[in-house]
Amino acid sequence: EYINKIDETNSKYFKFTQDINETTSQFKSEISMWSDSKQNEISDLIKKENDEMIGIKKAYNEHLRLKAPAQYWKRLKRQYKKEGFWWMTASIILTLICIWGLIKILYNLPLGLQGKLEEFNIISIRSLILLTLIVSLSVYLIRLFVKLSISAYHLARDAQERYQLSHVYLSLIKQNSIKEEDRAIVLQSLFSRADT
């Protein structure tokens, strides 16, 4: 009976030891699988974060690279708008002065222009040439001032578009939705010459 008890206890011990070993090996394999999966998740996360960090770094570098030109274009827009306003004001003032002067001349005709059309002498020719010269010069100056005003407004619009395009470009870089070949096109349009 004692030997049977010892054998029974021994078999229970071996069975218990075997169960513990199986449970331990199963636990070790589960821990190993869990560790491997977590390691893979962590390495994927690190890779994803590294890629995102590289993208952010690229966007930041592009932002720094385009920050000064964007501020320059914003300043140019204000400057050109101001110049356009002054040229337009100058053209309006010059037009009013020319209209006032022409009305003044036409109401108080010089002696050379007074008289009949049949009487054509040197004084009337000289007065007519002088009047034509004054009118032509006035029209030329008004036209020049208007062109300068339109050119300044056009350059202000161009600077505003470049400013907006630089911000669109930076947002596309931030979202990583612009390709390398498209970058060259955008940068070329950003830094091209503006027509006056």
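Anything mentioned here points back to the structure above.
Scope of this entry: the structure provided in the associated data block. (Residues numbered from 1 in each chain as written. Predicted model: local features only at pLDDT ≥ 70, side-chain atom pairs only at ≥ 80, totals over all residues. Heavy atoms only, no water.)

1. Overview of the overall build of the protein
Step number 1: From N to C terminus, the protein includes three helices and zero strands.
Step number 2: Beginning at the N terminus, the succession of helices and strands in the protein can be written as α-α-α.
Step number 3: Across the 196 residues in the protein, those meeting the buried criterion constitute 19%.
Step number 4: When contacts within the protein are restricted to residue pairs at least 6 apart in sequence, long-range pairs at least 24 apart make up 84% of them. (Helix = DSSP H or I, 4+ residues; strand = E, 2+ residues; numbered from the N terminus. Buried < 20%, exposed > 50% of the residue type's maximum accessible area, 1.4 Å probe, protein only. Contact = heavy atoms within 4.5 Å.)

2. With respect to a nonpolar patch on the surface
Step number 1: Taken together, Leu102, Leu106, Leu109, Val135 and Val139 make up a surface patch of nonpolar side chains, about 380 Å² in accessible area.
Step number 2: For the nonpolar patch, the secondary-structure elements that each account for two or more residues are helix H1 (2–107) and helix H2 (122–174). (Patch = residues over 30% accessible without salt bridge, like charges linked within 9 Å, V, L, I, M, F, W, Y side chains within 5 Å. Areas by Shrake-Rupley, 256 points an atom, 1.4 Å probe, with all protein chains shown as cover. Salt bridge = Lys/Arg side-chain N within 4 Å of Asp/Glu carboxyl O.)

3. Some words on the side chain of Arg162
Step number 1: Position of Arg162 among the secondary structure elements: in helix H2.
Step number 2: A distance of 2.8 Å separates polar atoms of two side chains, one belonging to Arg162 and the other to Asp158. (Polar contact = N/O pair within 3.5 Å; in protein donor to acceptor, adjacent residues only side chain to side chain.)

4. Examining the pattern of salt bridges
Step number 1: Evaluated as defined, the whole model comprises four salt bridges.
Step number 2: Two residues, Lys38 and Glu41, come together in a salt bridge whose shortest N-O distance is 3.4 Å. With Lys38 and Glu41 both in helix H1 and three residues apart, this pair spans about one turn of that helix.
Step number 3: For Lys38, a relative accessible area of 30% translates into the label partly exposed.
Step number 4: Judged by relative accessible area, which is 46%, Glu41 ranks as partly exposed.

5. Digging into the nonpolar core
Step number 1: Formed by Ala70, Trp73, Leu76, Tyr80, Leu155, Ala156, Ala159 and Tyr163, the largest nonpolar core amounts to eight residues.
Step number 2: Contributing elements (two or more residues each) for this core: H1 and H2.
Step number 3: Formed by five residues, the second largest nonpolar core is a distinct cluster that contains Leu66, Tyr169, Leu170 and Ile173. (Core = buried A, V, L, I, M, F, W, Y, C linked by side-chain atoms within 4.5 Å.)

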